[in-house]
Amino acid sequence: TISPTQAEDVKSADTLVKGLAPVKTRGFDPTAPTREAKQHELNTRLRDFKTRQITVEERTEVVKLIEESKSPNVDVQILFAFDSADILPEAKPSLDELGKALTDPKLTGGAFLIAGHTDAKGSGDYNLALSQRRAASVKAFLVETYKVDEGRLSVIGFGEEQLKNKEDPLADENRRVQIVNTGSA
């Protein structure tokens with residue numbers, strides 16, 4: 001059974017679509033060319049990373065590009081078995097909403113980064129590998145269950161490098177998957 005706090009953490013597909021929808025502006029937006037250039041650079045980097053391990057500096061660069069491109073993103077709390085990339089049954093409602101969102105017509109043609117994050121329990125190297133496996137598990141679920149084109153999904157594990165709650169490095173909210181709309185696939 002899902003506890004009331006876990007049930008509240010399930011964001012609806014509609015909420016996720018709104019959070020991931022490309023930024024639309026009315027009229028002239030002087031920041032658009034810079035934002036789009038940063039998004040293009042981000043997608044180029046992500047394609048390069050699909051075939052190899054990436055360094056701390058490269059992960060830091062990805063975070064900077066996400067911020068500079070103002071890429072729409074949402075955090076999704078996905079529950080995994082302890083010390084594992086196995087998705088728990090309690091995570092299914094969140095993943096189903098994410099699958100519905102990524103197959104929504106409003107997000108057609110978009111490319112997305114699935115960024116895995118852990119808390120600070122355990123070694124940095126171990127957490128990095130675990131976050132990568134967890135992000136890959138989410139991608140596999142979306143591809144298998146919702147037939148999301150795997151070419152639209154990139155995966156990076158950040159381990160404990162990007163804590164959501166820096167004051168409490170062991171806090172639950174640090175164990176999350178972040179979905180970032182990186183622009184056109």
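Scroll up to find the structure this text is about.
Residues numbered from 1 in each chain as written. Predicted model: local features only at pLDDT ≥ 70, side-chain atom pairs only at ≥ 80, totals over all residues. Heavy atoms only, no water.

A. Seen up close, unusual backbone geometry. With a phi angle near 50°, K70 is a residue other than glycine that sits in the positive phi range. Note on placement: K70 falls in the loop between α4 (56-68) and β1 (73-76). Assessed through its relative accessible area of 55%, K70 is described here as exposed. One non-glycine residue, K147, adopts positive backbone phi at about 55°. Within the secondary structure layout, K147 lies in the loop between α6 (124-146) and β3 (153-157). The exposure class of K147 is exposed, given its relative accessible area of 65%. (Helix = DSSP H or I, 4+ residues; strand = E, 2+ residues; numbered from the N terminus. Buried < 20%, exposed > 50% of the residue type's maximum accessible area, 1.4 Å probe, protein only.)

B. Geometry of the packing of helix α3 (residues 32-49) against α4. With their axes 8 Å apart at the nearest point, α3 and α4 run at an angle of 150° to one another. By the angle class used here, α3 and α4 are roughly antiparallel. Of the two possible hands of crossing, α3 and α4 adopt the one that is left-handed. Taken together, the residues of α4 that come into contact with α3 (itself represented by R35, K38, E41, L42, R45 and F49) are E58, E61, V62, L65, I66 and E68. (Axes fitted to C-alpha atoms, helices over the stretch in contact; angles between N-to-C directions. Parallel < 35°, antiparallel > 145°, perpendicular 65-115°, else oblique. Left-handed = near helix turned anticlockwise from the far one by under 90°. Contact = heavy atoms within 4.5 Å.)

C. Region of interest: the packing of aromatic side chains. For the structure shown, the criterion picks out one aromatic pair. Their ring planes at 50° and their centres at 6.2 Å tell us that F141 and Y146 sit as a pair that is tilted. For F141, a relative accessible area of 14% corresponds to the buried category. (Phe/Tyr/Trp six-rings, centres within 6.5 Å; stacked < 30°, edge-to-face > 60°.)

D. Examining the environment of K121 more closely. As for its placement among the helices and strands, K121 is situated in the loop between β2 (110-117) and α6. Sequence spacing of K121 and E160 is 39 residues, and the spatial spacing of their C-alpha atoms is 8.5 Å. Each residue touching K121, except ones within four places of it in the same chain, is listed here: N127 and L170.

E. Fine view of empty space enclosed by the protein. The tally for this structure, following the rule as stated, stands at one cavity of 30 Å³ or more. Taken as a whole, the largest cavity holds about 40 Å³ of empty space. Lining the largest cavity are L46, F49, K50, S154, V155 and I156. Elements supplying a minimum of two residues to the lining of the largest cavity: α3 and β3. Looking at the lining of the largest cavity, the element that brings in the most residues is β3, giving three residues. For the lining of the largest cavity, the residue count by class is four nonpolar, one polar and one charged. (1 Å grid on protein atoms, 1.4 Å probe; cavity = no way out; pocket = protein on both sides within 12 Å on 5 of 7 lines; lining within 4 Å. Points joined across faces, edges and corners; volume = space filled by probe spheres on them. Nonpolar A, V, L, I, M, F, W, Y, C, P; charged D, E, K, R; others polar.)

Any functional reading would require information beyond the geometric quantities listed.
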